[in-house]
Amino acid sequence: MTDTARAVRRSADEYLRVDRIPHIWCPGCGIGPALGCFIRAIDRAGLDTDKVAVVSGIGCTGRAAGYIRLDSFHTTHGRAIPFATGLKLAKPELKVVVFSGDGDLAAIGGNHLIHAGRRNIDMTVICVNNFNYGMTGGQMGPTTPLGARTSTSPYGNFDPPFNLPQLVAASGAAYVARWTILHVRQLEKAIVDGLTKDGFSFIEVIGPCQSSYGRMNKLGQPVDHLDSYRKRCVVKHEADLRETAIGLGGPIVVGKFVDTRRPTFGDRIDSMLHRAHDQKI
Amino acid sequence: MSQEGIIQGEFFMNGDEACAEGAISAGCRFFAGYPITPATEVAERMSRRLPEVGGTYIQMEDEIASMNAILGASWAGAKAMTSTSGPGFSLMMENLGLGVMLETPCVVVDVQRAGPSTGLPTSVGQGDIMQARWGSHGTYEIIALVPSSPQEMFDLTITAFNLSEKYRVPVLIMSDEVVGHMSEKVVLRAVPPEELVERPRPSVPPEKYLPYQTDGSLVPPMALAGEGYRFHVTGLTHDERGYPAMNAAAQDRLVRRLVDKIRLNRSDIIRYEEAWIDDAEVVVCAYGITSRVARHAVHMARSEGIRAGLLRLITVWPFPEEHVRQLARRTQAFVVPEINYGQIVFEVERCACGQARTALLPHMGGGVHHPEAILEAIREALR
Ligand SMILES: Cc1ncc(C[n+]2csc(CCOP(=O)(O)OP(=O)(O)O)c2C)c(N)n1
Ligand code: SF4
Ligand SMILES: [Mg+2]
């Protein structure tokens, strides 16, 4: 083991509520690896961890807040982003991270997602996309590929999905990336980027829901499921976002898609305050 | 205007504006809302005033977001408020429950209009009173205050913040369109710091802190985000550590405390006002704008020689059960005028417990009762 690896391993316990382990996630689930990348990214970003707050909604992914030894909030289904917005605006020195699932963020919470992007609120959203609602037993949702089988699309899904990077980029996010849990280093780096970026950063993490989506779509053992990512992924930084839609088969475009600078909501509040002050005198 | 931007003095202003000023005087520094008649003026005033006092206003994408944003802001240490009317109040219900479960101080103003649904957007109603009590799912208790004048919109907003901080619970201000929109003289009095209540705060270091451990007071000390406590809170049933505890024993322990912290402190929380009550044979029980019409009707009854009295509810929740029980023993009848088809009347009837007759005088909304109608109901009650 190298020194760095040892240092990171030591610090992992620092960031976890070890008294809550074992966790609830199934063997072969992608959420744990995503959380691992997040923890290492926090460590690498060198943040004052007393000032980091993690907010989750509801779902298997939403349980992440409960395992992180930082100020952490497990809120209601879909509402992590507006809760996090209140935290951030009332205490701007906080670094606010939303860690939640695709159903939570893009279905019931979809409206909040696009509005937070529009405002360019300074927060980092990590969205674990497992193409279904894991917690409730694997129903289809707004990220389920056409044709995929889920417990509520027994004849194959006919309800077209969102292309999340395109949606979030169009709404105004300053940073948008997508990786799978196989891309450990790139994902970790993307989360560091997000944490240190001013403005709204969105990182989509493709990971398996082995127990539902994987089983129902006959993706094999967890290792086969991961192997399919290896075969399907195409790294394309700054890709044309019309190409980042995900089908049942075919390529999964991954990479850093958006990395721009535009005024954050906090910046705009500050300039409004200056204007208000000037008008008074 | 004083140095910190707090406005003092006598003004002619409407109830919504007075509510905003009350919030600012109470220390509210965060407001998230979504426009809706007849509550919009609260948001408008806050958008102008909060920047003057170092606070933050944000117009959210809907009322669900507004409710969550004030919860987040409260956990960052701000006194936070939102305002709405029926349709938005309905949207807030799930996360009002989150506020109750996380024990988050905050204030929610409902300037009631006539429903159901879009109903009469610009006209008065009092149809959300039971929703205030039971609107979110599960077992809980809530505090709801009902102002009857612009002056009370100022004063009770301060009371609402104080109660929410003291008991760590969302407090509802159940106003109505007439009180929100009417303009009257309002005294924006100086509110000394010692009048303002602040949430209980931990006195132990982070290693010793358990988010939901109480010292027998029923209200646990509240750490804030960014202070190094590294706490976890969840809307799931949880133990003293704030960790999910998925069993009936933990549910019993938690929910009992959430309810008891309000129930057992009733006498501190409940507020009402009475007039001509000592020898009253018939008591009119009313709240909000209706209590002002009722006062007039009771006065008319007195000048006819009828021994009528007025019980004006200031807190509808918790309901002053014990007091109504006592009144029922010495009066013959209650008359309950309200701008709905019967809500608080059920509480009065329950507490009267057959000892005094109870009559509802409903109004479906879009206007207030005619004093003559209440007078006639008083006469009728004694026949
Ligand atoms: C208002 C509301 N509706 C429905 C649910 C039930 N529910 C719990 S988790 C969930 C889906 C979670 O899916 P996702 O966000 O993708 O997370 P995953 O479990 O896949 O990680 C649903 C529908 C709920 N808790 N609240
Ligand atoms: S149900 Fe799916 S998403 Fe949930 S823990 Fe199991 S594998 Fe993971
Ligand atoms: Mg999912």
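Predicted model, so just to flag it, every value in this text is computed and none were measured. (Residues numbered from 1 in each chain as written. Chains lettered and ligands numbered in written order. Predicted model: local features only at pLDDT ≥ 70, side-chain atom pairs only at ≥ 80, totals over all residues. Heavy atoms only, no water.)

Undergrad: Looking at this structure, I do not really get the sheet that holds strand β12 (residues 282-287) of chain B. What am I missing?
TA: The strands that make up a sheet pair up through hydrogen bonds in the backbone, lying either parallel or antiparallel. Residues and elements named next belong to chain B. Taking strand neighbours across the sheet as the criterion, the five strands line up as β11-β13-β12-β15-β16 in an open arrangement whose pairing is mixed. Edge positions in the sheet fall to β11 (272-275) and β16 (357-362), since each has one partner strand and no second. For this sheet, the mean angle separating the axes of adjacent strands, direction not counted, is 20°. In the sheet, strand β15 (residues 333-338) pairs with β16 via six bridges, with the strands oriented parallel. Each residue of the ladder has a partner; that of Glu338, found in β16, is Pro362. Of the strands in this sheet, β11, β12, β13 (308-313) and β15 are in contact with helix α10 (residues 289-303), which crosses β13 at around 170°. (Pairing = 2+ DSSP bridges. Helix = DSSP H or I, 4+ residues; strand = E, 2+ residues; numbered from the N terminus. Axes fitted to C-alpha atoms, helices over the stretch in contact; angles between N-to-C directions. Contact = heavy atoms within 4.5 Å.)

Undergrad: Explain the site of ligand 2 here, please?
TA: Taken together, Trp25, Cys26, Cys29, Ile31, Cys60, Asn130, Gly134, Cys209, Gln210 and Ser211 of chain A make up all the residues around ligand 2. Residues of the shell around ligand 2, tallied by class, amount to six nonpolar, four polar and no charged. (Near = heavy atom within 4 Å. Nonpolar A, V, L, I, M, F, W, Y, C, P; charged D, E, K, R; others polar.)

Undergrad: Hey, could you run me through the sheet that holds strand β8 (residues 252-259) of chain A in this one?
TA: Read from one edge of the open sheet, nine strands run β7(A)-β8(A)-β5(A)-β6(A)-β4(A)-β3(A)-β1(A)-β2(A)-β10(B), paired in mixed fashion. In this open sheet, the two strands that pair with only one neighbour each are β7 (233-235) of chain A together with β10 (232-234) of chain B. Along the sheet, successive strands turn relative to each other by an average axial angle of 20°, direction set aside. In this structure, strand β5 (residues 175-180) of chain A lies alongside strand β6 (residues 200-206) of chain A, joined through six bridges in parallel fashion. When the bridges of β6 of chain A are listed, Ala177 of chain A appears paired with Ile203 of chain A. Of the strands in this sheet, β4 (123-129), β5, β6 and β8 of chain A touch helix α6 (residues 164-171) of chain A, which is tilted by about 175° from β6 of chain A. The strands touched by helix α7 (residues 184-196) of chain A within the sheet are β3 (95-101), β4, β5, β6 and β8 of chain A, with β5 of chain A carrying the most contacts at an inclination of about 160°.

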